[in-house]
Amino acid sequence: MRPDEIERLAPSIDHLRYGKGEMILQRRDQEGGIYLLLDGVLLANQYAKSGREVGYRRITPGGYFGEIAAIDGLPRSVNVVALEDSRLARLPQSLVRRLFDDSPRFMRALLEDMAALARGLTDRLFEATAVPVACRVGIELLRMAAAAGGDGRQATIHPCPTHAELAALLGSQREPVTRELNRLASLEIVRQTGRTLHVLDLPALAAEVERIGGEL
């Protein structure tokens, strides 16, 4: 959107803060609107009756959520929880509806992102059913490294997900995720310091994914 378009939206946007562990949205909520993450890290997830957590995606600053319910008017499809203290901007449903009608730039950007989301979920479904856990760990690290930027050889992921959070995203358990991260550390491909994960050799990580049997 043009800067002048964005400036005109400012009075209609709500600014919100959530503490670590707070639920921002719950599955089946009726409330609409689109949320933009300004600071912090969020997780979109869902829980089975057994208590098992399934993670769909981590949301980092610049990311947004809520667009599906804003488009179709149906209840929320996932939970969104703050993994750390977070600051958000919320576009109320009435504003979103107005943008649908008045801003072709907004609609085009939203449609492009929806297409990317559909492609990403297709990839994740394939990985969850056809790719071993060790390989899925490497693929997810490559995704996060690409999002974090870098020089193509190394990348720094901060804050990195906990092993349990990563397992939820991969449809796995924490133990095999921990084993694979330890193995990659022993190969000097990754190194973790607190909440920071250093990918020391991106080409070597990609080669490990290929060797184990993944597709990039």
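The structure this text deals with has already been given above.
Residues numbered from 1 in each chain as written. Predicted model: local features only at pLDDT ≥ 70, side-chain atom pairs only at ≥ 80, totals over all residues. Heavy atoms only, no water.

Lay out the pairing of strand S3 (residues 34–39) with the relevant residues and their values.
For a regular strand, side-chain orientation follows a simple rule: the groups alternate between the two sheet faces. Summarising the sheet, S3 and strand S8 (residues 86–91) pair through 5 bridges and their orientation is antiparallel. When the sheet's bridge partners are listed, Leu 37 is paired in S8 with Leu 88. (Pairing = 2+ DSSP bridges. Helix = DSSP H or I, 4+ residues; strand = E, 2+ residues; numbered from the N terminus.)

Any chance you could break down the pattern of salt bridges for me, citing the residues and the numbers?
Per the stated rule, a full pass over the model turns up 15 salt bridges. With a shortest N-O distance of 3.0 Å, Arg 124 and Glu 140 are connected by a salt bridge. With Arg 124 in helix H4 (residues 104–130) and Glu 140 in helix H5 (residues 133–148), this residue pair connects regions lying 16 residues apart in the sequence. Residue class for Glu 140 comes out buried when judged on its relative accessible area of 4%. One salt-bridge network, in which partners are shared between bridges, spans Arg 2, Asp 4, Glu 5 and Arg 8. (Salt bridge = Lys/Arg side-chain N within 4 Å of Asp/Glu carboxyl O. Buried < 20%, exposed > 50% of the residue type's maximum accessible area, 1.4 Å probe, protein only.)

Mind laying out the sheet that holds strand S5 (residues 53–59), listing which residues take part and the relevant values?
Ordered in space as S2-S7-S4-S5, the 4 strands form an open sheet in which the pairing is antiparallel. A strand with exactly one partner marks an edge of an open sheet, and here the two such strands are strand S2 (23–25) and S5. Geometrically, the sheet is characterised by an average inter-axis angle of 35° between neighbouring strands, direction not taken into account. As defined by bridge partners, S2 adjoins strand S7 (residues 79–82) across 2 bridges and the pair is classed as antiparallel. Bridge pairing in S7 places Leu 25 opposite Val 80. (Axes fitted to C-alpha atoms, helices over the stretch in contact; angles between N-to-C directions.)

I'd like a rundown of the packing of aromatic side chains, residues and numbers included.
With the rule as written, the count across this model stands at 2 aromatic pairs. Ring geometry for Tyr 35 versus Phe 65: centroids 5.0 Å apart, planes at 5°, classification stacked. Within this pair, whereas Tyr 35 is found in strand S3, its partner Phe 65 is found in strand S6 (residues 64–65), the two being separated by 30 residues in sequence. Exposure class is identical for Tyr 35 and Phe 65. Each is buried. Where Phe 100 meets Phe 106, the ring centres are 6.2 Å apart and the plane angle is 45°; that geometry is what we call tilted. On the basis of relative accessibility, which here comes to 14%, the residue Phe 106 falls in the buried class. (Phe/Tyr/Trp six-rings, centres within 6.5 Å; stacked < 30°, edge-to-face > 60°.)

All we've got here are geometric facts, nothing functional implied.
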